[in-house]
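One letter stands for each residue in the lines below.
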Amino acid sequence: MSSGPLRPQWIRGRASHQAHADLPSGTVEEEHGREGFAGPASHLYRLHPPTGWSRIEGPLRPHALNTAMVNDGEGPAWLLGNEDVGIGLWARPVGVTEWFFRDADGDLLYFVHSGEGVLETEYGPLAYRPGDYLTVPRGTTHRWACASPSRALCVEAVGGSIALPDRGLLGPHALFDPAVVEVPEPAPVDEAGEFEIRIKRSGTLTSVWYPFHPFDVVGWKGDLAPLRLHVDDFRPVVSPRYHLPPSAHTTFVGSGFVVATFAPRPLETDPAVLRVPFYHRNIDVDEVIFYHRGQFFSRVGIGPGMMTFHPAGIHHGPQPGAVARSESSGPGGFADEVAVNIDARFPLTLLPAGAVIDVPGYADSWRPVTRDAER
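Residues numbered from 1 in each chain as written. Predicted model: local features only at pLDDT ≥ 70, side-chain atom pairs only at ≥ 80, totals over all residues. Heavy atoms only, no water.

Caption draft 1: Molecular detail of the sheet that holds strand 2 (residues 41–46). In spatial order, the strands read 2-1-21; together these 3 strands make up an open sheet with mixed pairing. Both outer strands of the open sheet, strand 2 and strand 21 (279–280), are each paired with one neighbouring strand and no more. Of the pairings in the sheet, the one linking strand 1 (residues 28–33) to strand 2 comprises 6 bridges and is antiparallel in character. Across the sheet, His32 pairs through a bridge with Ser42, a residue of strand 2. (Pairing = 2+ DSSP bridges. Helix = DSSP H or I, 4+ residues; strand = E, 2+ residues; numbered from the N terminus.)

Caption draft 2: Focus on unusual backbone geometry. The phi torsion at Leu175 lies on the positive side, around 70°, for a residue other than glycine. With respect to the helices and strands, the residue Leu175 is situated in the loop between strand 14 (162–163) and strand 15 (192–201). One non-glycine residue, Ser202, lies in the positive phi region at around 55°. Topologically, Ser202 is positioned in the loop between strand 15 and strand 16 (204–212).

Caption draft 3: View of the packing of aromatic side chains. Taken as a whole and judged by the stated rule, the model has 11 aromatic pairs. Between the aromatic rings of Tyr110 and Trp144, the centroid separation amounts to 4.9 Å while the plane-to-plane angle is 85°, which identifies the pairing as edge-to-face. A residue pair is termed long-range when its members are at least 10 positions apart, and Tyr110 in strand 8 (residues 108–114) and Trp144 in strand 12 (residues 141–146) qualify at 34 residues. With a relative accessible area of 4%, Trp144 lands in the buried category. Directly above the aromatic system of Phe176 lies the positively charged group of Arg167, at a separation of 4.5 Å from the ring centroid. (Phe/Tyr/Trp six-rings, centres within 6.5 Å; stacked < 30°, edge-to-face > 60°. Buried < 20%, exposed > 50% of the residue type's maximum accessible area, 1.4 Å probe, protein only. Lys NZ or Arg CZ within 6 Å of the ring centre and 35° of its normal.)

Caption draft 4: Here's a closer look at the pattern of salt bridges. Within the structure shown, the criterion is met by 14 salt bridges. Among the salt bridges present, the one from Asp105 reaches Arg201, with a minimum N-O distance of 3.8 Å. Here the residue Asp105 occupies a position in the loop between strand 7 (100–103) and strand 8, and Arg201 occupies one in strand 15, the gap between them amounting to 96 residues. Among the ionic pairs, Lys200 bridges to Glu156, the shortest N-O distance being 2.7 Å. Residue Lys200 is found in strand 15, and its partner Glu156 is found in strand 13 (residues 150–157); the two are separated by 44 residues along the sequence. Each of the two residues, Lys200 as well as Glu156, counts as buried. The network of salt bridges with shared partners includes Asp105, Glu156, Lys200 and Arg201. (Salt bridge = Lys/Arg side-chain N within 4 Å of Asp/Glu carboxyl O.)

As structure tokens, then:
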């Protein structure tokens, strides 16, 4: 099996022969790449971090969103979006939603940040707890039954689908074995009454009422169904001698976007290798990260439940404190974090609900403590 011929490589000036390792003394490394981390790329060795701007004028800037400010609602609060993907935060109190929901615009992916309960579907129920991914195929009738107040990241594949990735040379059992993915058992309800299904199509809701319970399915077969995958079942690929890009942790793929999982993992042990994400401008994708739990080693001042949005074209990478900590701790260590990474192929728009929870001053958080600490 071959991935095709290697692209030509050139080296000029002071540069490392191996990306993310053996950086020339007194430099920082930046990856200038295409197609996320899969296309042509060069590594620039700079005297100063490319995030060390003194000010920004104009709309292109990194954002941090405090999703704890999102209140309970009947549907997700949509924070970011484009024609391929919507990204929001769903919050619900204890209890069962009185109505049922069917999204006819695209597949849904929920990531449960807090709370426990059951996602009821016409295929059957799926119990949920923090750290669960729940996928709901386009057109599936479902509702939430919350045993405790619940909050979930919501990703909508607008007009498309969400699928498991091709693991390529790693084989089909890497990252997580498909056997750990759960599907629901039928739990038919034969009940008369008045039951409302709210159907979303082209962004508009239509209500349809039935005189019988919509979960009257006694059995099903096929390869399309709601799924549950817990983050603790995700087994990240790691390397002691190379810092792998986020694409190595791809968990779901959609049309125009991918979702990756940053799970607890050992850090690199080779003393010559970077142990924090390298600087990059991610020129072909907008990057969103939702922080679920743990110590987020590449960010300072970002806690569980927050979301960062780094649009393509402007640099991002580790903040000064993260670089200093990784260098002072020596080789090895452990990244004790769980976060969800979403890369969108086309520009995302910060929607009104996202602008309301935008954290002031986030774009200034890369200002170096000292030049020596940053290097």
